[in-house]
Amino acid sequence: MTKHTVSLLLCIMTFVMIGCSVGQPVRVLKQHETVLTGSVGGPVVPSKVPTIVVPYLTAGVMHGISDNVTVHGNLHALMTAFAVVGIDVGASARIVKENGIVPEITASGRIMMFSDLRSFATSRIYPDVSVTASYEVAERWLVYGGVHNTVQFVAPTYLVSPYIGSLIPLSDKFSLQAEFIWQAANVDTHSGVFEGTSSIGGRGSAGIFLGGAYTL
């Protein structure tokens, strides 16, 4: 793969990877609790029949270092197929505990990195901060909404990606998560590299992600 191809691929992935998984906690874990996560999803392509979702795969782990702070990391598996390593690492903290009409507020920060491991010039690092508000509608069943705030250093850009979703327990150990995200909602995608049929009003990219979580 040429240096130009890798650079272009990373440029496109800057747009696609925002909120590219459900591998960070909606709420923090209990102290010493460890959860394995996986997700699949991506931009929606409504012009196809039937409607399809461009696949993006991640696998990761979350661990509660206290009752208020959880650390997490993910491998972006799809990128390895293109000889590009993608990872993200970060931490989440409980800011407000749910109380009546007041939702639980969780703040998360992470660093995302993509590289072909051959040249620093083709590596990309993106800091991301998100805030999630959630309600428990039944035991361990959460509905939530929030926003990712991501910075791109190459051709400096600030990206905003709102999302909504639900976390549904299927057993004591396993839960299913579904999320809709408007990736890079502040980016004009009428034309150019980021032009796409998944845009909403010519901006950003609509994405759907399904994730699973297994508690060890």
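Residues numbered from 1 in each chain as written. Predicted model: local features only at pLDDT ≥ 70, side-chain atom pairs only at ≥ 80, totals over all residues. Heavy atoms only, no water.

### Topic: the overall build of the protein chain
Piece 1. In terms of regular secondary structure, the protein chain is built from 2 helices and 11 strands.
Piece 2. A burial count over the protein chain gives 43% of its 216 residues as buried.
Piece 3. Of the contacts made within the protein chain by residues no fewer than 6 positions apart, 53% connect residues no fewer than 24 positions apart. (Helix = DSSP H or I, 4+ residues; strand = E, 2+ residues; numbered from the N terminus. Buried < 20%, exposed > 50% of the residue type's maximum accessible area, 1.4 Å probe, protein only. Contact = heavy atoms within 4.5 Å.)

### Observations concerning the side chain of Ser-161
Piece 1. Within the secondary structure, Ser-161 is located in strand β9 (residues 157-169).
Piece 2. One polar contact links the side chain of Ser-161 to the main-chain amide nitrogen of Ala-184, over a distance of 2.8 Å. (Polar contact = N/O pair within 3.5 Å; in protein donor to acceptor, adjacent residues only side chain to side chain.)

### Details of the side chain of Ser-166
Piece 1. Tracing the chain through its elements places Ser-166 in strand β9.
Piece 2. Take Ser-166: its relative accessible area is 15%, and that puts it in the buried class.
Piece 3. Looking at Ser-166, its side chain comes within polar contact range of the main-chain oxygen of Leu-142, at 3.1 Å.
Piece 4. Not counting chain neighbours up to four residues away, the residues in contact with Ser-166 comprise Trp-141, Leu-142, Val-143, Tyr-144, Leu-176, Gln-177 and Ala-178.

### Side note on the pattern of salt bridges
Oppositely charged side chains are able to pair whenever their charged atoms sit close together.
Piece 1. A complete count under the given rule lists 5 salt bridges for this structure.
Piece 2. As a salt-bridge pair, Asp-88 and Arg-110 come within 3.6 Å of each other at their nearest N and O atoms. Taken together, the residues span a long stretch of sequence, with Asp-88 in strand β5 (residues 85-96) and Arg-110 in strand β6 (residues 104-115) at a distance of 22 residues. Assigned by exposure class, Asp-88 and Arg-110 land together as buried.
Piece 3. The residue Arg-110 makes a salt bridge to Asp-128 at a minimum N-O spacing of 3.4 Å. Of this pair, Arg-110 sits in strand β6 while Asp-128 sits in strand β7 (residues 124-138), placing them 18 residues apart in sequence.
Piece 4. Judged by relative accessible area, which is 5%, Arg-110 ranks as buried.
Piece 5. Sharing partners across several salt bridges, the network here consists of Arg-27, Arg-94, Glu-98 and Glu-104. (Salt bridge = Lys/Arg side-chain N within 4 Å of Asp/Glu carboxyl O.)

### A word on the nonpolar core
Piece 1. Counting 7 residues, the largest nonpolar core consists of Val-26, Leu-142, Tyr-144, Tyr-163, Leu-167, Ile-181 and Phe-209.
Piece 2. Residues Val-84, Met-112, Phe-114 and Tyr-126 belong to the second largest nonpolar core, which totals 5 residues. (Core = buried A, V, L, I, M, F, W, Y, C linked by side-chain atoms within 4.5 Å.)

### Observations concerning the layout of surface pockets
Piece 1. Reported here for the largest pocket is a volume of approximately 760 Å³.
Piece 2. Every residue lining the largest pocket is counted, 31 residues in all, and those nearest its centre are Val-28, Leu-29, Glu-33, Arg-140 and Leu-167.
Piece 3. For the lining of the largest pocket, the secondary structure elements donating two or more residues are β1 (34-45), β9, β10 (174-188) and β11 (203-215).
Piece 4. The element contributing the most residues to the lining of the largest pocket is β11, with 4 residues.
Piece 5. Residue classes in the lining of the largest pocket are distributed as 12 nonpolar, 8 polar and 11 charged. (1 Å grid on protein atoms, 1.4 Å probe; cavity = no way out; pocket = protein on both sides within 12 Å on 5 of 7 lines; lining within 4 Å. Points joined across faces, edges and corners; volume = space filled by probe spheres on them. Nonpolar A, V, L, I, M, F, W, Y, C, P; charged D, E, K, R; others polar.)

### Describing the pairing of β10
Piece 1. As judged from the 7 bridges shared by β9 and β10, these two strands associate in the antiparallel manner. Among the inter-strand pairings, Tyr-163 is bridged to a residue of β10, identified as Ile-181.
Piece 2. Adjacent in sequence and paired antiparallel, β9 and β10 are bridged by 4 residues.
Piece 3. Here β10 runs beside β11; their pairing, made up of 11 bridges, is antiparallel. What sits directly across from Phe-174, in β11, is Tyr-214. (Pairing = 2+ DSSP bridges.)

### A word on the confidence of the model for the protein chain
Piece 1. In this model, the protein chain carries a mean pLDDT of 80, and residues with pLDDT of at least 70 account for 74%.
Piece 2. In the predicted structure, residues 1-12 sits below a pLDDT of 50 and forms 25 contacts with residues beyond four places in sequence or in another chain.
Piece 3. With pLDDT under 50 throughout, residues 46-53 is counted as low confidence; its partners more than four residues away or in other chains account for 14 contacts. (pLDDT = per-residue confidence, 0-100.)

### Re a nonpolar patch on the surface
Piece 1. Taken together, the side chains of Ile-95, Val-96, Ile-101, Val-102, Tyr-135, Val-137, Trp-141 and Val-143 make up a nonpolar region of the molecular surface, amounting to roughly 710 Å² of accessible area.
Piece 2. Counting only elements with at least two residues in the nonpolar patch, the list comes to β5, β7 and β8 (141-152).
Piece 3. Taking relative accessible area as the criterion, Val-96 reaches 30% and is therefore assigned partly exposed. (Patch = residues over 30% accessible without salt bridge, like charges linked within 9 Å, V, L, I, M, F, W, Y side chains within 5 Å. Areas by Shrake-Rupley, 256 points an atom, 1.4 Å probe, with all protein chains shown as cover.)

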